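Listed here are the chains, written in short residue letters.
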Amino acid sequence: MRAVVQRVKNTRLCVDGELISEIPFGLTVFLGVKVDDKQENADYLAKKIANLRIFEDENGKMNRSVLDVGGEVLMVSQFTLYGDASHGNRPSFTLAERPERANELYEYTVKALQSYGVTVKKGVFGADMQIEQHNDGPVTILLEKE
């Protein structure tokens, strides 16, 4: 399971021109589910995301988590995180989990993150989403749990 975590000032997610989710500040998390990922992978990532200290404290040090600063998380399912373009120029997605199972683990990860007290907004699984965000820093962290 992979998560691309970006610290953001705000993020808006739309589908077909309709606003679906919006967060004022916090983290945008793009989540990819790999074939054979388990709930343990999701549990690990949820705990890591909730406690990841990438927000500045009063001394300008990255020492605070999204929980500490009262931020929110926008969680977006993104199977393309498992795109393999090592052979040719067209990515293969054979490592990405089937949609039914991927959605199950996506929803499980959202609930696991919420269990830490984080406000989590979601994208629309499998939809063509348009995302506008103002990256803060920028700070982007790649998390992975095999």
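We now turn to the structure provided with this report. (Residues numbered from 1 in each chain as written. Predicted model: local features only at pLDDT ≥ 70, side-chain atom pairs only at ≥ 80, totals over all residues. Heavy atoms only, no water.)

**What to know about the packing of aromatic side chains**
And step 1. Counting across every chain of the model gives two aromatic pairs.
And step 2. For the pair phenylalanine 79 and phenylalanine 93, a centre-to-centre distance of 5.0 Å together with 65° between the ring planes defines the contact as edge-to-face. In this pair, phenylalanine 79 is assigned in the loop between β6 (72–77) and α3 (99–114) and phenylalanine 93 in the loop between β6 and α3, connecting sequence segments 14 residues apart. (Phe/Tyr/Trp six-rings, centres within 6.5 Å; stacked < 30°, edge-to-face > 60°. Helix = DSSP H or I, 4+ residues; strand = E, 2+ residues; numbered from the N terminus.)

**Comments concerning α3**
And step 1. The end-to-end C-alpha distance of α3 is 22 Å, a good match for the 22 Å that 16 residues give at a rise of 1.5 Å each.
And step 2. Three or more residues of α3 are buried, namely Ala102, Leu105, Tyr106, Thr109, Val110, Ala112 and Leu113. The buried residues of α3 all sit within an arc of 165° when viewed along its axis, so they share a single face. Opposite the packed face of α3, turned more than 90 degrees from it, sit the exposed residues Glu100 and Lys111.
And step 3. Where α3 is buried, its residues touch β3 (26–32), α1 (39–51), β6 and β7 (119–122). (Expected span 1.5 Å × (residues − 1). Buried < 20%, exposed > 50% of the residue type's maximum accessible area, 1.4 Å probe, protein only. Arc of directions from axis to C-beta. Contact = heavy atoms within 4.5 Å.)

**Let's talk about the pairing of β7**
And step 1. By the bridge criterion, four bridges tie β6 to β7 in an arrangement that is parallel. Bridging from a neighbouring strand, valine 73 pairs with valine 120 of β7.
And step 2. Once the chain exits β6 it traverses α3 before rejoining the sheet at β7, and the crossover so formed is right-handed. (Pairing = 2+ DSSP bridges. Right-handed = clockwise from strand over helix to strand, strands pointing away.)

**Digging into α1**
And step 1. Between its terminal C-alpha atoms α1 stretches 18 Å, which fits the 18 Å expected from 13 residues at 1.5 Å a residue.
And step 2. Residues Asn41, Ala42, Leu45, Ala46, Ile49 and Ala50 constitute the buried set of α1. Taken down its axis, α1 places every buried residue within 155° of arc, on the same side.

**Concerning the environment of valine 5**
And step 1. Tracing the backbone through its elements, the reader meets valine 5 in strand β1 (residues 2–15).
And step 2. When the C-alpha positions of valine 5 and methionine 75 are compared, they lie 9.4 Å apart, and in sequence the two are 70 residues distant.
And step 3. Setting aside residues up to four positions removed in sequence, valine 5 forms contacts with Leu27, Thr28, Val29, Ile49, Leu52, Ile54, Val139, Thr140, Ile141 and Leu143.

**Structural notes on the nonpolar core**
Side chains that are nonpolar tend, in soluble globular proteins, to be buried together.
And step 1. Val5, Leu27, Ile49 and Leu113 are the most contacted members of the largest nonpolar core, which has 28 residues in total.
And step 2. Looking at this core, the elements with two or more residues in it are β1, β3, α1, β6, α3 and β8 (129–144).
And step 3. When residues of this core are assigned to their parent elements, the largest contribution, six residues, is made by α3.
And step 4. The contact partners of isoleucine 49, leaving out residues within four places of it in the chain, are Ala3, Val5, Leu27, Val29, Val66, Leu113 and Leu143. (Core = buried A, V, L, I, M, F, W, Y, C linked by side-chain atoms within 4.5 Å.)

**Concerning the packing of α1 against α3**
And step 1. Contact geometry of α1 with α3 gives a least axis separation of 9 Å together with a crossing angle of 40°. In terms of axis orientation, α1 runs oblique to α3. When the axes of α1 and α3 are compared, the crossing they make is right-handed. The segment α1 lies against α3, with Gln39, Ala42, Asp43, Ala46, Ile49 and Ala50 engaging Leu105, Tyr108, Thr109, Ala112 and Leu113.
And step 2. When its residues are assigned to classes, the contact of α1 with α3 shows eight nonpolar, two polar and one charged. (Axes fitted to C-alpha atoms, helices over the stretch in contact; angles between N-to-C directions. Parallel < 35°, antiparallel > 145°, perpendicular 65-115°, else oblique. Left-handed = near helix turned anticlockwise from the far one by under 90°. Nonpolar A, V, L, I, M, F, W, Y, C, P; charged D, E, K, R; others polar.)

**A look at the side chain of serine 65**
And step 1. Within the fold, serine 65 resides in the loop between β5 (62–64) and α2 (66–69).
And step 2. Apart from the residues lying within four places of it in its own chain, the contact partners of serine 65 are Ala50, Asn51, Leu52, Arg53 and Phe55.

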